[in-house]
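# Chain and residue survey
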Amino acid sequence: MSNLRVVVAGATGRTGSEAAKAVWQAPDLELVAAVARRRAGEDLGLLLGEAAWGVPLESDVAAAVRRTRPDVLVDFTLAESAGRHALDALRQGVRPVVGATGIPAGDMDALRALVTATGLGAVLIPNFSFGILLLARFCREALRFFPDVEVVELHHSAKRDRPSGTALQLRAVLEEAGAHAPVAVHSVRLPGLVAHHEVLFGGPGETLTLRHDTLSRASFGPGVVLAARKVMALDTLVEDLGALIDA
Ligand SMILES: NC(=O)c1ccc[n+]([C@@H]2O[C@H](COP(=O)([O-])OP(=O)(O)OC[C@H]3O[C@@H](n4cnc5c(N)ncnc54)[C@H](OP(=O)(O)O)[C@@H]3O)[C@@H](O)[C@H]2O)c1
């Protein structure tokens, strides 16, 4: 079988650079282009402190998609641009795997409609970590005994959206699974933090805290590679890593 051809947008960013490294290292994936608005022409491998990869940065996502006609666009740019990139990719017959969070509701509606119209699969997942997936599963078990629950999300001060997409997804999981609604979500932004989520359950005379810590953004790589492989067989928009694993 031929390799999956992948464009990574946001490839110089904190998260996109880890996605690009994971794509580069996956034996069945080929990094055909890497995009960021700055540093055009520079080799991505060298920029990321590795050997030269022979992949020069390009500055325009739509142009890179048109030039390379990849199978998958992986997008870790920002909320303002990622929805637009995904819509354009679908119109070009390219399946988007979107990691950027906080995408405006209008773009989300357009994305859902275009996936339905084209029958081309897409993935939009606010947290590609397998640990967060397990946290959600353990929450469902804890809720059977502790329906009173709140969520605290703590992130580095450069994170723009709040609450985090992951916290919102955790809240949805909790409320669907029977938590006393509405489940409060608290946000902390401080230098020194990476990405941390706590789910606190309270009952008579005891509390239970489930906590997940992202220590490095390398944790997102395996989930991104899995999504790139799985999206090829999808005909819907999948927004949940668990559903993607089971797909
Ligand atoms: N799904 C997950 O598991 C997960 C995990 C962590 C973060 N995230 C999300 O991923 C997104 C990126 O976060 P980050 O912390 O990695 O941000 P970041 O470090 O600021 O990186 C953003 C990257 O996107 C590029 N970029 C921005 N706008 C662009 C555009 N219009 N066209 C092309 N490239 C563009 C930036 O380079 P230039 O400035 O040079 O363009 C940079 O390479 C956020 O939405 C964040 O919430 C998701």
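## Quick notes on the site of the ligand
Around the ligand, the surrounding shell holds 27 residues, and the nearest of these are G10, G13, T15, R37 and R38. Within the shell around the ligand, the residues separate by chemical class into 13 nonpolar, eleven polar and three charged.

## Regarding the sheet that holds strand 2 (residues 29-35)
With respect to topology, seven strands assemble into an open sheet ordered 3-2-1-4-5-6-11, the strand pairing being parallel. Only two strands of the sheet have a single neighbouring strand rather than two, namely strand 3 (57-58) and strand 11 (237-238). As defined by bridge partners, strand 4 (residues 72-75) adjoins strand 5 (residues 95-98) across four bridges and the pair is classed as parallel. Bridging from a neighbouring strand, D75 pairs with V98 of strand 5. Relative to the sheet, helix 8 (residues 221-231) contacts strand 1 (4-9), strand 2, strand 4, strand 5 and strand 6 (122-124), its axis offset from that of strand 5 by approximately 155 degrees.

## Overview of the environment of H196
Among the secondary structure elements, H196 is positioned in strand 9 (residues 195-203). Look at H196 and you get partly exposed, because 17 C-beta atoms sit within 10 Å. Separated by 42 residues in sequence, H196 and L154 have C-alpha atoms that sit 5.1 Å apart. Beyond its immediate sequence surroundings of up to four residues, H196 is in contact with L154, R211, D213 and T214.

## Here's the deal with the pairing of strand 8 (residues 185-189)
Summarising the sheet, strand 7 (residues 148-155) and strand 8 pair through five bridges and their orientation is parallel. Bridged to V151 within strand 8 is V185.

## Description of the nonpolar core
Ranked by size, the top nonpolar core spans 57 residues in total, and within it V6, V8, V23, V74 and A228 carry the most contacts. Looking at this core, the element that brings in the most residues is strand 2, giving six residues. Grouped together as the second largest cluster of nonpolar side chains are 14 residues, L135, C139, V149 and L174 included.

## Section: helix 6 (residues 130-143)
Given a rise of 1.5 Å per residue, 14 residues ought to cover 20 Å, and the 20 Å separating the end C-alpha atoms of helix 6 matches this to within 8%. If you check which residues of helix 6 are buried, you get I132, L135, A136, C139 and L143. All buried residues of helix 6 lie within an arc of 100 degrees about the axis, which places them on one face of the element. Structural note: helix 6 exposes R137 and E141 on the side pointing more than 90 degrees away from its buried face. The inward-facing, buried residues of helix 6 contact strand 7, helix 7 (165-176), strand 9, strand 10 (206-214) and helix 9 (241-246).

Analysis parameters
Residues numbered from 1 in each chain as written. Predicted model: local features only at pLDDT ≥ 70, side-chain atom pairs only at ≥ 80, totals over all residues. Near = placed C-beta within 6 Å. Nonpolar A, V, L, I, M, F, W, Y, C, P; charged D, E, K, R; others polar. Pairing = 2+ DSSP bridges. Helix = DSSP H or I, 4+ residues; strand = E, 2+ residues; numbered from the N terminus. Contact = placed C-beta atoms within 7 Å. Axes fitted to C-alpha atoms, helices over the stretch in contact; angles between N-to-C directions. Buried ≥ 20, exposed ≤ 12 C-beta atoms within 10 Å, placed from the backbone. Core = buried A, V, L, I, M, F, W, Y, C linked by C-beta atoms within 7 Å. Expected span 1.5 Å × (residues − 1). Arc of directions from axis to C-beta.

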